[in-house]
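Summary of the model geometry
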Amino acid sequence: MTSGTTPGLARFNTSADGDAVAALHEVCSSSAWASKILAQRPFATAEALFLASDAAMAELTPEDLAEAMAGHPPIGRPKAGDPTSSREQSGMAGASAELRAEMLELNLAYQDTFGHVFLICATGKTGEQMRDAIRERIGNSPEQEREIVRTELGKINRIRLNRLVETA
């Protein structure tokens, strides 16, 4: 990942608040997270931005986490027309009909159990790895799962922030 100052980071640091908030909402749907990041601009390095993101994620309430999760589609069903969603879930692109059907069933069971979509940093994972993760996590307590989701969101945010600051 990028760690120094980049043209994308400079642009983010100097953009109007409305533009910066819009960019942050493309990274994470949590308004509280975006407000915490916005309040700390400018960032000297990309790493400082990533650390601020991690700290903001650690402070999110269960309601803030729910808002952040609401911006993510179920695994195996990326948002239509959303290249970020499709790219992040590319491990499901070549999945068999059986695996897709199993993921749909598991996603529904997970959502019934926890009240929200199964969230995992899907970048670089195969459909089978995502299936195995949901199978493993469905037995967690709501508290355990909330902290795993917080960690997974943090990973996703770092990937998306990195893309934001690398953009020339």
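Since the structure is predicted, the reported quantities are computational estimates derived from the model, not experimental observations.

**Description of the pattern of salt bridges**
Summed over all chains, the structure comprises 11 salt bridges. Measuring nitrogen to oxygen at the nearest pair gives 2.6 Å for the salt bridge that ties D17 to R41. One end of the pair, D17, is in helix α2 (residues 17-27); the other, R41, is in the loop between α3 (31-39) and α4 (46-58), and 24 residues separate them in sequence. Note on R41: relative accessible area 15%, which makes it buried. Among the ionic pairs, K36 bridges to E59, the shortest N-O distance being 3.0 Å. With K36 in helix α3 and E59 in the loop between α4 and α5 (62-69), the pair connects residues that are 23 residues apart, well separated along the chain. Shared partners join several salt bridges into a network, and the residues in it are E102, R131, D132 and R135.

**A look at α5**
Among the residues of α5, D64, L65, A68 and M69 are the ones counted as buried. In an axial view of α5, the angular spread of the buried residues amounts to 140°, which keeps them on one side of the axis. Those residues of α5 that are buried are in contact with α3, α4 and α9 (142-166).

**Some remarks on helix α7 (residues 97-114)**
With 18 residues, α7 ought to run about 26 Å at 1.5 Å a step, and its terminal C-alpha atoms sit 25 Å apart, in line with that. Considered for burial, the residues of α7 that qualify are L99, M103, L106, N107, Y110 and F114. Projection of α7 onto a plane perpendicular to its axis shows the buried side chains occupying an angular sector of 110°, all on one side. Structural note: α7 exposes A97, E98, E105 and D112 on the side pointing more than 90 degrees away from its buried face. The secondary structure elements touched by the buried residues of α7 are α8 (127-137) and α9. In the stretch just after α7, G115 is the one whose phi turns positive, near 80°.

**Describing unusual backbone geometry**
Each neighbour pair has its own omega, and for R41 with P42 the value is 0°, a cis peptide bond. Within the fold, P42 resides in the loop between α3 and α4.

**What to know about the packing of α2 against α9**
Here α2 crosses α9 at 135°, and the two axes come no closer than 9 Å. The angle between the axes of α2 and α9 places the two elements in the oblique class. Along its contact with α2, which presents A23, L24, E26 and V27, the element α9 presents N157, R160, L161 and L164. Here the contact of α2 with α9 is composed, by residue class, of five nonpolar, one polar and two charged.

**Description of the packing of aromatic side chains**
Counting across every chain of the model gives two aromatic pairs. Between Y110 and F114, the ring centres sit 4.7 Å apart and the planes meet at 45°, which makes this aromatic pair tilted. Of this pair, Y110 and F114 both sit in helix α7, four residues apart, roughly one helical turn. Exposure remark for F114: the relative accessible area of 14% places this residue in the buried category. Centre to centre, the rings of Y110 and F118 are 5.2 Å apart; their planes meet at 80°, and the pair counts as edge-to-face. In terms of burial, Y110 and F118 fall into one category: buried. In textbook terms, an aromatic cluster arises when at least three aromatic residues are bridged by ring pairs, as seen for Y110, F114 and F118. Cation over ring: R41 sits above F12, and NZ or CZ is 5.5 Å from the ring centre.

Reading the values: the criteria
Residues numbered from 1 in each chain as written. Predicted model: local features only at pLDDT ≥ 70, side-chain atom pairs only at ≥ 80, totals over all residues. Heavy atoms only, no water. Salt bridge = Lys/Arg side-chain N within 4 Å of Asp/Glu carboxyl O. Helix = DSSP H or I, 4+ residues; strand = E, 2+ residues; numbered from the N terminus. Buried < 20%, exposed > 50% of the residue type's maximum accessible area, 1.4 Å probe, protein only. Arc of directions from axis to C-beta. Contact = heavy atoms within 4.5 Å. Expected span 1.5 Å × (residues − 1). Axes fitted to C-alpha atoms, helices over the stretch in contact; angles between N-to-C directions. Parallel < 35°, antiparallel > 145°, perpendicular 65-115°, else oblique. Nonpolar A, V, L, I, M, F, W, Y, C, P; charged D, E, K, R; others polar. Phe/Tyr/Trp six-rings, centres within 6.5 Å; stacked < 30°, edge-to-face > 60°. Lys NZ or Arg CZ within 6 Å of the ring centre and 35° of its normal.

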